[in-house]
Amino acid sequence: MPEKLPEEFAPTGPKLSKLPVRPPPPLRPALFPDEARFALRLALLAGGTELAAWAWIGATAGRRAVVALAALRLLRPLWAWAGTRLSRPALAFALLFVPLLAIGANLATFGALTAVALVAAGLPALGDLCASCIADKITIERRASAFAWLDMGQGLGGAAGLALGAAFAGWTQLAAAAALLVASVGVMDLRDRGTPRSTWPLAVYLRVLRSPLGWQLALSAALTSTLALGRREAGWMSLLAPLLGMAVAARAESRAPNAMTLPRFAVLIALAGRLLHSPPLALVGLGAMFSAIPAATARGAGEMERPLASSLAWSALIAGAALSAMI
């Protein structure tokens, strides 16, 4: 081996400038315009399905049918795996069509199939399918931005659905149907580009769950929804509380010392609401969690593990809703 590195790696000549050499500040990854439109449509797809599911949860919290809805939401990795073997747009269309059909049948029978429509809302859990499509289509240096759009879409959809369902339970079916129709604008963006379609094996999900961020974030999400959801009266406070919690958490995120500060803060707010018998305060904590999950995965998860940590957190959040319905 040479004793010295070549000139291009270890220059020994005179400096071209007397000013100190400093690295540039970190650059925020930005999507190209067509990539931004693609990410926005997938965010609408995932967010619309979250809105439909959480609208039903907000309107029917405490009913045992929520357990079946949550069980279907946990099939997120299965749909991503199926997307490697079936047409992704066809799969997404079928999963969206079933709850729309159930809502239509329920309206036609004047509410006789409400439980069926509620359970069917859990079927189109498309977050992982969208994430795998993003991973296949956008190069790694800009992929983080697309994942951020997807996570924010799911968070906004979930918080809006919870607020609408809790405050206006009678309009849940129409809100869910409208959200699913809006979500359908992103279905055709799931087409592949002629390359093999990929997803993450179950072993990788388990490895991320065992990581410090994975299990702490999932546990915090499950605890928050378990504490926050329950029987309550509808009203304006139920409409504003989740959105207020999400807004406050979004503003406070920049001052948080680490990725788990906001999720723990959300758990404490939900616990305070439960102990003080204040459902609106508990919903503030749940709204904060809808904002904390995207923030925590962006700050604490590795580039290749980010969509998996997000998936586990959203699954834990819906599992907490099921646990709340059983106790």
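Residues numbered from 1 in each chain as written. Predicted model: local features only at pLDDT ≥ 70, side-chain atom pairs only at ≥ 80, totals over all residues. Heavy atoms only, no water.

Chemist: Help me out: how do you make sense of empty space enclosed by the protein in this one?
Modeler: Rolled over the atoms, a probe as big as a water molecule pinpoints where empty space is left. Applying the stated rule across the entire model yields three cavities of 30 Å³ or more. If you add up the space inside the largest cavity, you get close to 60 Å³. Every residue along the wall of the largest cavity is listed here: Arg76, Gly127, Asp128, Ala131, Phe147, Leu150, Asp151, Gln154, Pro307, Ser310 and Ser311. Secondary-structure elements contributing two or more residues to the lining of the largest cavity are helix H6 (127-137), helix H7 (140-167) and helix H14 (306-326). The dominant element in the lining of the largest cavity, judged by the number of residues it contributes, is H7, at four residues. Partitioning the lining of the largest cavity into residue classes produces four nonpolar, four polar and three charged. What the second largest cavity holds in volume is close to 50 Å³. Lining the second largest cavity, in full, are Glu50, Trp54, Arg73, Arg76, Trp314, Ser315, Leu317 and Ile318. Elements represented by at least two residues in the lining of the second largest cavity include exactly helix H1 (33-60) and H14. The residue makeup of the lining of the second largest cavity, split by class, is four nonpolar, one polar and three charged. (1 Å grid on protein atoms, 1.4 Å probe; cavity = no way out; pocket = protein on both sides within 12 Å on 5 of 7 lines; lining within 4 Å. Points joined across faces, edges and corners; volume = space filled by probe spheres on them. Helix = DSSP H or I, 4+ residues; strand = E, 2+ residues; numbered from the N terminus. Nonpolar A, V, L, I, M, F, W, Y, C, P; charged D, E, K, R; others polar.)

Chemist: Teacher, can you tell me more about the packing of aromatic side chains here?
Modeler: Given two aromatic rings, their pairing is described by the distance between the two centres and the angle made by the two planes. Within the structure shown, the criterion is met by three aromatic pairs. Following the ring pairs from residue to residue traces out a cluster consisting of Trp54, Phe290 and Trp314. (Phe/Tyr/Trp six-rings, centres within 6.5 Å; stacked < 30°, edge-to-face > 60°.)

Chemist: I'm lost on the side chain of Gln173 in this one. Help?
Modeler: With respect to the helices, strands and loops of the structure, Gln173 is situated in helix H8 (residues 172-183). Contact partners of Gln173, with chain neighbours within four places excluded, come to Trp56, Ile103, Asn106 and Leu107. (Contact = heavy atoms within 4.5 Å.)

Chemist: What is the right way to look at a nonpolar patch on the surface in this model?
Modeler: A cluster of nonpolar side chains, contributed by Leu40, Leu44, Trp149, Met152, Leu156, Val182 and Val185, occupies part of the molecular surface with about 610 Å² of accessible area. For the nonpolar patch, the secondary structure elements donating two or more residues are H1 and H7. Per element, the largest residue contribution to the nonpolar patch is three residues, and it comes from H7. Tracing the sequence through the fold places Val182 in helix H8. (Patch = residues over 30% accessible without salt bridge, like charges linked within 9 Å, V, L, I, M, F, W, Y side chains within 5 Å. Areas by Shrake-Rupley, 256 points an atom, 1.4 Å probe, with all protein chains shown as cover. Salt bridge = Lys/Arg side-chain N within 4 Å of Asp/Glu carboxyl O.)

Chemist: It is not clear to me how the environment of Ala167 should be interpreted in this structure. Could you clarify?
Modeler: Mapped onto the secondary structure, Ala167 falls in helix H7. On the accessibility criterion, Ala167 (11% relative accessible area) is buried. A C-alpha to C-alpha distance of 7.7 Å links Ala167 and Ala59, two positions 108 residues apart in sequence. (Buried < 20%, exposed > 50% of the residue type's maximum accessible area, 1.4 Å probe, protein only.)

Chemist: Help me understand the nonpolar core, please; the structure alone is not making it clear to me.
Modeler: For soluble globular proteins, nonpolar side chains are generally found buried alongside one another. In terms of nonpolar packing, the biggest core is built from 93 residues, with Leu45, Trp54, Leu286, Phe290 and Leu317 touching the most fellow members. Those residues in contact with Trp54 that lie beyond four places of it in its chain are Gly158, Gly161, Leu162, Leu229, Leu286, Phe290, Leu317, Ile318 and Ala321. (Core = buried A, V, L, I, M, F, W, Y, C linked by side-chain atoms within 4.5 Å.)

Chemist: I keep staring at the environment of Trp56 and nothing clicks. Help me out?
Modeler: Note that Trp56 resides in helix H1. Along the chain, Trp56 and Thr195 lie 139 residues apart, while their C-alpha atoms are 38 Å from each other.

Chemist: Explanation requested: the pattern of salt bridges in the structure shown.
Modeler: In a structure, side chains of opposite charge can pair up when their charged atoms sit close to one another. Inspection of the entire model under this criterion finds nine salt bridges. Across the pair Asp136 and Arg88 runs a salt bridge, and its minimum N-O distance is 3.0 Å. Of the two residues, Asp136 is situated in helix H6 and Arg88 in helix H4 (residues 88-108); the sequence distance between them amounts to 48 residues. Across the pair, Arg88 and Asp136 agree in class, each one buried. The residue Arg197 makes a salt bridge to Asp192 at a minimum N-O spacing of 3.7 Å. Salt bridges sharing common partners tie together Glu50, Arg73, Arg76 and Asp128.

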